[in-house]
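Each chain is listed here by its residues.
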Amino acid sequence: MNSNVQAYLRTKVMTANPAELRLMLIDGASRFAEQCRRGLAERDFEQAFEGSRQCRAILTELLSGLNAEHDPVLCERLNGLYTFLISRMMEAMSERDPELIDKVLELLAYEAETWRMLVEKLANEQGAGAEAASTPVEGDPDRTPSGPQGGRLHLAG
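Below, the structure is looked at part by part.

## Some points on the side chain of glutamine 35
1) Next: Structurally, glutamine 35 is set in helix H2 (residues 18-41).
2) Next: With residues near it in sequence (within four places) discarded, glutamine 35 still touches Gln47, Glu50 and Gly51.

Given below as structure tokens:
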């Protein structure tokens, strides 16, 4: 990988919010699961092993990053999902069956789409908050609305 690409990726990671980082990890897990699937299909077991190893490492990182304090039910479900995906990757390697990875890819695609929607929603909310914060208060063009969040309006609901 050339230095321009590395610099771009480093900047992207360093400026991403937690939801964007999680989405990047899920996308990476998908890429490595696909690499593993291709390797198994082509009987290139070194490629398959490397893809499986990287995918499982990312899933383990996602698993270890769960914080049950915020939403115990969601964390329990994600724990089950990531544990299943790790097990399925190990089973695919043990059986040397690329078709076992199809379910992993399907679930990772669904998970990625969910996080993409969340990232988009958060960006829209931040954009709306910034727009509202820069809107002058009616009757006084020099004032902008302010609230408990430093000039940003909190939109409930």
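Additional details are given in the paragraphs that follow.
## Quick notes on the packing of aromatic side chains
Two measures describe an aromatic ring pair: the distance that separates the ring centres and the angle between the ring planes.
1) Next: The final tally for this structure, using the stated rule, is zero aromatic pairs.
2) Next: The ring centre of phenylalanine 45 lies 4.0 Å from the NZ or CZ of arginine 96, which sits over that ring.

## Observations regarding the nonpolar core
1) Next: Ranked by size, the top nonpolar core spans 30 residues in total, and within it Ala33, Leu59, Tyr82, Ile101 and Leu108 carry the most contacts.
2) Next: Of all elements in the fold, only H2, helix H3 (45-64), helix H4 (72-95) and helix H5 (101-133) reach the threshold of two or more residues within this core.

## Quick look at the environment of arginine 37
1) Next: Position of arginine 37 among the secondary structure elements: in helix H2.
2) Next: Judged by relative accessible area, which is 21%, arginine 37 ranks as partly exposed.
3) Next: Remark: the alpha-carbon pair of arginine 37 and glutamine 47, spanning ten residues in sequence, is separated by 9.1 Å.
4) Next: In this structure, arginine 37 is in contact with Pro98, Glu99, Ile101, Asp102 and Leu105, ignoring residues within four places of it in sequence.

Calculation rules
Residue numbering note: each chain is counted from 1, following its sequence as written. Local features in this predicted model are restricted to residues of pLDDT 70 or higher, and side-chain atom pairs are both shown and tallied only at a pLDDT of 80 or more, whereas totals for entire chains, interfaces and linings draw on every residue. Note: side-chain values were computed over all heavy atoms of the structure, leaving out hydrogens and water. Per the convention used, a helix needs a DSSP run of H or I reaching at least four residues, while a strand needs a run of E reaching at least two, with both numbered from the N terminus. By the convention used here, residues are in contact when the closest approach between their heavy atoms is within 4.5 Å. To pair, rings of Phe, Tyr and Trp, with the six-membered ring standing in for Trp, must have centres within 6.5 Å; the planes then decide the type, stacked if under 30 degrees apart, edge-to-face if over 60, and tilted in the middle. Sitting over a ring, as applied to charges here, requires NZ of Lys or CZ of Arg to be within 6 Å of the ring centre and within 35 degrees of the ring normal. Within this scheme, the nonpolar core is defined by two criteria: the residues are buried Ala, Val, Leu, Ile, Met, Phe, Trp, Tyr or Cys, and they are joined through side-chain atoms within 4.5 Å. Classification of residues uses two cut-offs on accessible area relative to the type maximum, computed with a 1.4 Å probe and protein chains only: under 20% is buried, over 50% is exposed, and between them is partly exposed.

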